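The chain contents come next:
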Amino acid sequence: MGRRDDQSFADFVTARGTALLRTASLLCGAHQDAEDILQSALEKAYRHWGRLDPESDPEPYVRRILVNLVISRSRRWKVLREINMARPPERPASTSATHTVELRGTLMEELRKLGPRQRAVLVLRFWEDLSEAETARVLGCSVGTVKSQASRGLARLRERLDSNLAPLGR
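Structural notes, computed from the coordinates. (Residues numbered from 1 in each chain as written. Predicted model: local features only at pLDDT ≥ 70, side-chain atom pairs only at ≥ 80, totals over all residues. Heavy atoms only, no water.)

### Re unusual backbone geometry
Convention followed: Relative accessibility decides the category of a residue: with a 1.4 Å probe and only protein chains considered, values under 20% of the type maximum give buried, values over 50% give exposed, and everything between is partly exposed.
Even without glycine at this site, aspartate 129 takes up a positive phi of about 60°. You can call aspartate 129 exposed: its relative accessible area is 65%.

What follows is the structure, encoded as structure tokens:
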């Protein structure tokens, strides 16, 4: 039987739910928000489940819904804001054994500061390991747009990470 029944949807969510939640977390930045966005995306996918081609993979369709929901949410709520502090937070003078974890936290923080389209491209290309063509198909844009957004996003991350990591004696 095709993807038209409830059981096939349940099987899809069981098989790919964790990966979709990881993608949503990277797109949103916060685990709680990711759970809400994923729930909304799965609800939308379920409503149209019977219309999907039984021979095609539904995951790109659900990813596209996720990306669209995150972009709409960031536009609507202006969630992505930088917090200005009177002085910068203190940084450790030397690298510790937890440097990798700290670096990952810094990377995630800087990723959240990117625009929703650039963040979506970087997450899909480098965390989800999609090709440029697959990323373009998920986002509904051209391969050239994916390339330029990835290039600009990576350049911005490098610039910000270089300035953030300089005090650590990198």
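### Some points on the pattern of salt bridges
Once the charged atoms of two side chains with opposite charge are near each other, the side chains can pair. Rules: We define a salt bridge as a side-chain nitrogen of Lys or Arg found within 4 Å of a carboxyl oxygen belonging to Asp or Glu. Counting from the N terminus, the helices are DSSP H or I runs at least four residues long and the strands are E runs at least two residues long.
Taken as a whole and judged by the stated rule, the model has 9 salt bridges. A salt bridge links arginine 63 to glutamate 128; the shortest N-O distance between them is 2.9 Å. Placement of the pair is arginine 63 in helix 3 (residues 59-77) and glutamate 128 in the loop between helix 5 (116-127) and helix 6 (132-139), with a sequence separation of 65 residues. Note on arginine 63: relative accessible area 7%, which makes it buried. The partner of glutamate 109 in a salt bridge is lysine 113, with the nearest N and O atoms 3.8 Å apart. Of the two residues, glutamate 109 and lysine 113 are both situated in helix 4 (residues 99-113); the distance of 4 residues between them amounts to about one turn of the helix. In this structure, a network of salt bridges that share partners links the residues Arg16, Arg22, Glu59, Arg63 and Glu128.

### Comments concerning the packing of aromatic side chains
Stated precisely, the cut-off is as follows: Note on aromatic pairs: the rings of Phe, Tyr and Trp (six-membered ring only in Trp) are paired at centre separations within 6.5 Å, and the planes decide the class, stacked below 30 degrees, edge-to-face beyond 60, tilted for the rest.
Counted under the stated rule, the structure contains 3 aromatic pairs. Ring plane angle 85° and centroid distance 4.9 Å describe the contact between phenylalanine 9 and tryptophan 49, whose orientation is recorded as edge-to-face. On the criterion of sequence distance, the pair formed by phenylalanine 9 in helix 1 (residues 6-28) and tryptophan 49 in the loop between helix 2 (31-47) and helix 3 is long-range, its members being 40 residues apart. Owing to a relative accessible area of 12%, phenylalanine 9 belongs among the buried residues under this scheme. Looking at tryptophan 49, the relative accessible area reads 2%, which means it is buried. Between phenylalanine 12 and tryptophan 49, the aromatic rings sit 5.5 Å apart at their centres with planes inclined by 40°, giving tilted as the arrangement. Taken together, the residues span a long stretch of sequence, with phenylalanine 12 in helix 1 and tryptophan 49 in the loop between helix 2 and helix 3 at a distance of 37 residues. Of the two residues, phenylalanine 12 and tryptophan 49, both sit in the buried class.

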